[in-house]
Amino acid sequence: MRHLITPQDFTVEELEQLFDLADDIRLHPDTYAHACDGRKMATCFYEPSTRTRLSHESAMLGLGGQVMGFSEASSSSAAKGESVADTARVISCYADIMVIRHPKEGAATVASHFASIPVINAGDGGHEHPTQTLTDLLTIRNLKGSLNNFTIGLCGDLKFGRTVHSLINALVRYENVRFVFISPPELCVPDYITEMLQEKGIPYEEHIKIEDVIGRLDLLYMTRIQKERFFNEEDYVRLKDFYILDAEKMKLAPKDMYVLHPLPRVNEISVDVDDDPRAAYFRQVQFGVYVRMALILTLLKSAGRLPE
Ligand code: NCD
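Residues numbered from 1 in each chain as written. Predicted model: local features only at pLDDT ≥ 70, side-chain atom pairs only at ≥ 80, totals over all residues. Heavy atoms only, no water.

1. Here we look at the overall build of the protein chain
Here comes step 1: Within the protein chain, the secondary structure is distributed over 10 helices and nine strands.
Here comes step 2: In terms of overall size, the protein chain behaves like a compact globule, its C-alpha atoms giving a radius of gyration of 19 Å where 308 residues would be expected to give roughly 19 Å.
Here comes step 3: Overall size of the protein chain, expressed as C-alpha extent along the three principal axes, is 55 × 45 × 40 Å.
Here comes step 4: Looking at the protein chain as shown, the accessible area adds up to about 13300 Å², and 51% of this sits on carbon and sulfur atoms.
Here comes step 5: Within the protein chain, the 44 negative side-chain charges are centred at a point lying 3 Å from the centre of the 33 positive side-chain charges. (Helix = DSSP H or I, 4+ residues; strand = E, 2+ residues; numbered from the N terminus. Rg over C-alpha atoms; globule rule 2.2 N^0.38 Å. Areas by Shrake-Rupley, 256 points an atom, 1.4 Å probe, with all protein chains shown as cover. Lys, Arg positive; Asp, Glu negative; His and termini not counted. Charge placed at Lys NZ, Arg CZ, Asp CG, Glu CD.)

Printed below as a string of structure tokens:
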């Protein structure tokens, strides 16, 4: 039985199969409309979410399955002091697959050790967010035709942004991907990531201003300053509007440089970018449903809860 806790839980070949399946679902949704008849998914969200919870639910409903869950810790027994381990054991008696988002790093790993059903990590603190990465990879593969040979700028809160950490961890396994990190010095990528890049001999640059590098990017991945992970309000207020990508700055970007964002956006992308054909962040949301449909099918089969 398999779980998805980090993008590395799938090999590059397995990811290709997953993306092929997601593309097939996108093109022939009716073929899959009853693939999960009679199966149940539990979404256990201890942190706010719009896209991640509803895209998993939409994916399961699109496969004919059913969904249940909670969307805040205060409405679950966590409020009474129940551990993630116990909750995972209990949910295993109710559902065929479990999706968990939790403010603590490692919570999904703990759940996977105690659950007897597949566990999907929907974000564990500032650590990882692998299903967002699957979404990002499928989007890039469709926009650019390949996951090799490009320069990606990652901009914003690279310290606390879990989508950034998972995306870098995934992209290092492809060929000739160059990283350009754009952040204020206080919010630069954690050392464990730059050390990993150095060990693997993968090139990266660190910059502060978007304008200095936007002209030579193939993709620009914008992120929100992660207010909830700051230790004090003052630092957040100082850094919150550090980046605002607007139509003026987009004039400096190549004609085929797509802009991605895991969303939610706050101020870091001005709405005047939304109609630019290079703005791909809402298309990215749609890809997120197909890739989660493919993931649910793959994990349920691995657990023997769907026929091969
Ligand atoms: C991200 C998250 O929760 O980490 N949102 C998402 O799931 N698409 C990004 C964010 O909250 O900034």
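From this point, the discussion proceeds with the structure in view.
2. A look at the side chain of D23
Here comes step 1: With respect to the secondary-structure elements, D23 resides in helix α1 (residues 12–27).
Here comes step 2: According to the relative accessible area criterion, D23 is buried, its value standing at 14%.
Here comes step 3: Filtering out sequence-adjacent residues up to four positions away, D23 remains in contact with L138, R141 and N142. (Buried < 20%, exposed > 50% of the residue type's maximum accessible area, 1.4 Å probe, protein only. Contact = heavy atoms within 4.5 Å.)

3. Things to note about the pattern of salt bridges
Here comes step 1: Taken as a whole and assessed by the stated rule, the structure comprises 19 salt bridges.
Here comes step 2: The shortest N-O distance in the salt bridge between R89 and D86 comes to 3.6 Å. Remark: D86 and R89 occur in helix α3 (residues 84–91); sequence separation between them is three residues, near one turn of the helix.
Here comes step 3: Relative accessible area serves as the criterion here: at 47%, R89 is assigned to the partly exposed category.
Here comes step 4: Taking the shortest distance from any N to any O, the salt bridge between R278 and D276 comes out at 2.8 Å.
Here comes step 5: Of the residues examined, D276 reaches a relative accessible area of 17% and is grouped as buried. (Salt bridge = Lys/Arg side-chain N within 4 Å of Asp/Glu carboxyl O.)

4. Quick notes on the state of the cysteines
Here comes step 1: Throughout the structure, instances matching the rule amount to zero disulfides.
Here comes step 2: Here C44 is not cross-linked by a disulfide; its sulfur's nearest cysteine counterpart is in C93, at 13 Å. (Disulfide = S-S within 2.5 Å.)

5. Some remarks on the sheet that holds strand β4 (residues 119–124)
Within a sheet, neighbouring strands are paired by backbone hydrogen bonds and run either parallel or antiparallel to one another.
Here comes step 1: An order of β2-β1-β3-β4 is seen for the four strands of this open sheet, with the pairing classed as parallel. Both edges of this open sheet fall to β2 (66–70) and β4, since each of them pairs with a single strand only. Taken over all neighbouring pairs, the strand axes of this sheet differ in orientation by 15° on average, direction set aside.
Here comes step 2: With respect to the sheet, α3 is in contact with β1 (40–45) and β3 (97–102), its orientation differing from that of β3 by roughly 155°. (Pairing = 2+ DSSP bridges. Axes fitted to C-alpha atoms, helices over the stretch in contact; angles between N-to-C directions.)

6. Thoughts on the site of the ligand
Here comes step 1: Neighbouring the ligand are T52, R101, H129, Q132, R162, T163, R224, Q226, P262, L263 and P264.
Here comes step 2: Protein contacts shield 94% of the accessible area of the ligand, which totals 320 Å² for the unbound molecule. (Near = heavy atom within 4 Å.)

7. As for the nonpolar core
Here comes step 1: Residues I152, L154, I168 and F179 are the most contacted members of the largest nonpolar core, which totals 60 residues.
Here comes step 2: In terms of residue count, the dominant contributor to this core is helix α10 (residues 281–302) (11 residues).
Here comes step 3: Both domains that meet at this core, namely domain 1 (7–128 + 287–302) and domain 2 (131–285), each give it at least three residues.
Here comes step 4: In this structure, I214, M222, L245 and I269 belong to the second largest nonpolar core, which totals 20 residues. (Core = buried A, V, L, I, M, F, W, Y, C linked by side-chain atoms within 4.5 Å. Domains from an automatic or database assignment.)

8. Quick notes on the domain arrangement of the protein chain
Here comes step 1: Taken domain by domain, the protein chain holds domain 1 (7–128 + 287–302) and domain 2 (131–285).
Here comes step 2: The interface of domain 1 with domain 2 comprises 34 residues on the first partner and 27 residues on the second.
Here comes step 3: In total, about 2500 Å² of surface goes out of reach between domain 1 and domain 2, with carbon and sulfur atoms giving 53% of it.
Here comes step 4: A per-residue breakdown of the area domain 1 buries against domain 2 is headed by F19, R51 and F287, which together make up 29% of the total.
Here comes step 5: Linking domain 1 with domain 2 are five salt bridges.
Here comes step 6: Linking E47 and R162 is a salt bridge whose minimum nitrogen-to-oxygen distance equals 3.1 Å. (Buried area = accessible area lost by both parts, 1.4 Å probe.)

9. A few points about the packing of α1 against helix α5 (residues 130–144)
Here comes step 1: Across the interface, α1 lies against α5 with an axial gap of 11 Å and an inter-helix angle of 70°. Viewed along their axes, α1 and α5 adopt a mutual orientation that is roughly perpendicular. Together, L15, E16, L18, F19, D20, A22, D23 and R26 of α1 and L134, L137, L138, R141 and N142 of α5 make up the contact between the two elements.
Here comes step 2: Across the contact of α1 with α5, the residue classes tally to seven nonpolar, one polar and five charged. (Parallel < 35°, antiparallel > 145°, perpendicular 65-115°, else oblique. Nonpolar A, V, L, I, M, F, W, Y, C, P; charged D, E, K, R; others polar.)

10. Some words on the packing of aromatic side chains
Here comes step 1: This structure, assessed with the given rule, holds eight aromatic pairs.
Here comes step 2: Residues F160 and F231 carry aromatic rings whose centres are separated by 6.5 Å and whose planes lie at 75° to one another, so their mutual orientation is edge-to-face. A residue pair is termed long-range when its members are at least 10 positions apart, and F160 in the loop between β5 (150–155) and α6 (162–171) and F231 in the loop between β8 (219–222) and α8 (233–239) qualify at 71 residues.
Here comes step 3: Taken together, the ring pairs in this structure connect F160, F230, F231 and Y236 into an aromatic cluster. (Phe/Tyr/Trp six-rings, centres within 6.5 Å; stacked < 30°, edge-to-face > 60°.)

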